[in-house]
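This is what each chain is made of:
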Number of protein chains: 2
Amino acid sequence: MTEAELISLLRGSATDSAARNLDDDVAVLPIGDDSFVLTHDMIVEGVHYLPADPPADVAWKLLAVNLSDLAAKGAVPVGVLLGYMLGDDDWDRAFADGFSGALAAFGVPLLGGDTVAAPAGATRSLGLTAIGRYGGSPPSRAGARPGDLLWVTGSIGDSGLGLAILRGELEGPEDLAERYRNPRPRLEAGQRLAPLVDAMMDVSDGLLIDASRMAHASRCRVRIELEAVPLSEAYLQTRGDGRDDRLAASTSGDDYELLFAAAADDAAAILNMAEEIGLPCSRIGRFEAGEGLVLTDHGELMTLPETLGFEHRR
Amino acid sequence: MTEAELISLLRGSATDSAARNLDDDVAVLPIGDDSFVLTHDMIVEGVHYLPADPPADVAWKLLAVNLSDLAAKGAVPVGVLLGYMLGDDDWDRAFADGFSGALAAFGVPLLGGDTVAAPAGATRSLGLTAIGRYGGSPPSRAGARPGDLLWVTGSIGDSGLGLAILRGELEGPEDLAERYRNPRPRLEAGQRLAPLVDAMMDVSDGLLIDASRMAHASRCRVRIELEAVPLSEAYLQTRGDGRDDRLAASTSGDDYELLFAAAADDAAAILNMAEEIGLPCSRIGRFEAGEGLVLTDHGELMTLPETLGFEHRR
């Protein structure tokens, strides 16, 4: 069963508007004119991190992937609840140290949670619930309109390449591995962008799959220009600038960049904001009437790759 | 490492008053004069449920244990976020059915969550975050005062005996097994009791250990009268009324009854409420100046058992 199939089985229980029909990455509870934004993400050993990863990096990642969901709504983090599975003492201690450090780095307090024992040899899984606050109603992933431009922050594909380096599949610089191990949620950019955009989400499973999810939720077609997908210097030097390299970047996961749709009139304001906070924003496509994803490379229509990104499946 | 040790490592990150210093089962976020109450509990295969348990019962339990934490604060449930680990299709489908049914039974909407894949053979663990709303600031477990009486709802020990029956360790009626598989969070009682009590929590790890946690958080001593601990007819018939039987009931987990401290003056109001909603409330002890737990049986001071209840440890 896939994640999408499970969600379809549970959609009948999402009877409150705060659930946003389970189409968004967050729940949004109104409090007067403001909102509490809630997200819950799990990470599983061997799926979201490598068993040999340092526990402090796992702690960082658990916090970062959840804060990334808040960033995609422009929310200011209020606090987190941790669901922790005890393992061996050294790992637990190193995790607690790293988690405390990560919370301090983002200025986010721990509010509570749960600690459970696990049978010996159990696969470790950890959960985090992050709560944020937004003044007004935050952007969903369903608001893109025909005519909107599609944008992404930062660079795409670094984390996927970093994972390959950590797995010993190729050689490359340490910063790529860092992008995999220590993703940086785009909190400031999200807070600045939220009032400007029609739709916003983070790129966690791959640019193409996440963009097609935004298009589906918004009942639009999205057209992506492969040549416009922003690649880092490190990516270009390690892998290259060919069509396959760009497809690999656009279908690998764990970018934790922000993907957003905005009216063409807002382009100047977005570029201005990007300049101010020192985080590039790249225009990589546009929305039109219709459905699905269309991919072009220098104007040439491309066949879509078989896999658009990572889908949880068992 | 134990849960308490991990919490002590993380307490420095609980810098916000919403965390209640990690001494409570919930986080409490003020919204104007009201509060959002947030709790997160995980359940792990082989620890919190038996691998052969029907998936629908696991779903019920996951929801019920979280709602029990809201009940202990008198909060009205607002919704839940589910952290789900995919397994085989049949199990997933039966879980989704059962979870939808449990949500409907309590009138609680699903607001969001996360679904993850797991490596083949992984120990399944599931997480739930429940959000509730309370008018005012809900009772903590830290507010008991010397002179307060200690009370508990319902009956104690049924679920522990039910687990022994399910494990084939003894024979007994199906309702005891039901108490283990399908615990009933005391939502209505909690909402009625919250304005009356000085401290409240649910009994999840065992009456004695949970009462001693309330005493510790409240900086009091608690004195419990073993003969006053309420046992069900089914418990008495299956196990008996001896001192050992009462000790077993008071140290087994998964009761999900409410344990609360209230001024002696409130006894009449409590008994009146119990009558109205048809759920017995039993006075089982009192708080005094000092620290720790004192246990008596018909006035005779008892040596404490080695284990007061269940502590997560690995």
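Further up the page is the structure itself.
Chemist: Describe unusual backbone geometry, listing the residues and the values that go with them.
Modeler: All names here are of chain A. The backbone of Asn21 sits at a positive phi, close to 60°, despite the residue not being glycine. According to the relative accessible area criterion, Asn21 is partly exposed, its value standing at 39%. Positive phi, close to 60°, is recorded for Leu22, a residue that is not glycine. One can find Leu22 in the loop between helix 1 (3-10) and strand 1 (27-31). Look at Leu22 and you get buried, because its relative accessible area is 13%.

Chemist: An account of the interface of chain A and chain B is needed here, citing residue identities and associated values.
Modeler: Each partner contributes to the interface: chain A provides 62 residues, whereas chain B provides 62 residues. Between chain A and chain B, roughly 5,600 Å² of surface is buried when both sides are summed, and carbon and sulfur atoms account for 68% of that area. The interface formed by chain A and chain B contains eleven residue pairs in polar contact (both at pLDDT 80 or more). Those elements that place two or more of their residues in the side of chain A that touches chain B are helix 1, strand 1, strand 2 (34-44), strand 3 (76-85), helix 3 (89-106), strand 4 (110-116) and strand 5 (125-134) of chain A.

Chemist: Talk me through the pattern of salt bridges; I want residue IDs and the actual numbers.
Modeler: Counting across every chain of the model gives 48 salt bridges over all chains. For the salt bridge of Asp210(B) with Arg213(B), the shortest nitrogen-to-oxygen distance reads 3.0 Å. With Asp210(B) and Arg213(B) both in helix 7 (residues 207-218) and three residues apart, the pair spans about one turn of that helix. Arg213(B) sits in the partly exposed class, given a relative accessible area of 23%. Overlapping salt bridges, with partners in common, bring together Asp158(A), Arg179(A), Arg186(A) and Glu257(A) in one network.

Chemist: So what's going on with the packing of helix 2 (residues 55-71) of chain B against helix 3 (residues 89-106) of chain B? Which residues, and what values?
Modeler: Residues and elements named next belong to chain B. It is at 7 Å that the axes of helix 2 and helix 3 come closest, and there the two elements cross at 40°. Here helix 3 runs oblique to helix 2, going by the angle between their axes. Note that helix 2 runs across helix 3; the crossing there is right-handed. Judged by residue contacts, Pro55, Ala56, Val58, Ala59, Trp60, Leu62, Leu63 and Leu67 of helix 2 engage Trp91, Ala94, Phe95, Gly98, Phe99, Ala102, Leu103, Ala105 and Phe106 from helix 3.

Chemist: Could you give an account of the relation of the copies chain A and chain B, with specific residues and numbers?
Modeler: For the pair chain A and chain B, the relating rotation is 180°, the translation along its axis is 0.0 Å, and the fit reaches an RMSD of 0.0 Å. Expressed as an axis order, the relation between the two copies is that of a two-fold axis. Within chain A, Thr123(A) has its C-alpha nearest the rotation axis, a separation of 2.9 Å. In this assembly the copies share their binding face: 100% of the residues contributing to the interface of chain A also contribute to that of chain B.

Chemist: Give me the lowdown on the packing of aromatic side chains, citing residues and values where you can.
Modeler: The geometry of an aromatic ring pair is captured by the separation of the ring centres together with the interplanar angle, meaning the angle of the planes. All names here are of chain A. Taken as a whole, this structure holds 13 aromatic pairs over all chains when the rule is applied. For the pair Trp151 and Phe260, a centre-to-centre distance of 6.0 Å together with 5° between the ring planes defines the contact as stacked. Of the two residues, Trp151 is situated in strand 6 (residues 149-153) and Phe260 in strand 9 (residues 257-262); the sequence distance between them amounts to 109 residues. Accessibility assignment for this pair places Trp151 and Phe260 in one class, buried. These aromatic residues form a ring-pair network of at least three members: Tyr49, Tyr84, Trp91, Phe95 and Phe99. Lying across the ring of Trp91, Arg124 places its NZ or CZ 3.9 Å from the centre.

The rules behind these values
- Residues numbered from 1 in each chain as written.
- Chains lettered and ligands numbered in written order.
- Predicted model: local features only at pLDDT ≥ 70, side-chain atom pairs only at ≥ 80, totals over all residues.
- Heavy atoms only, no water.
- Buried < 20%, exposed > 50% of the residue type's maximum accessible area, 1.4 Å probe, protein only.
- Helix = DSSP H or I, 4+ residues; strand = E, 2+ residues; numbered from the N terminus.
- Contact = heavy atoms within 4.5 Å.
- Buried area = accessible area lost by both parts, 1.4 Å probe.
- Polar contact = N/O pair within 3.5 Å; in protein donor to acceptor, adjacent residues only side chain to side chain.
- Salt bridge = Lys/Arg side-chain N within 4 Å of Asp/Glu carboxyl O.
- Axes fitted to C-alpha atoms, helices over the stretch in contact; angles between N-to-C directions.
- Parallel < 35°, antiparallel > 145°, perpendicular 65-115°, else oblique.
- Left-handed = near helix turned anticlockwise from the far one by under 90°.
- Least-squares fit on C-alpha atoms with pLDDT ≥ 70 in both.
- Phe/Tyr/Trp six-rings, centres within 6.5 Å; stacked < 30°, edge-to-face > 60°.
- Lys NZ or Arg CZ within 6 Å of the ring centre and 35° of its normal.

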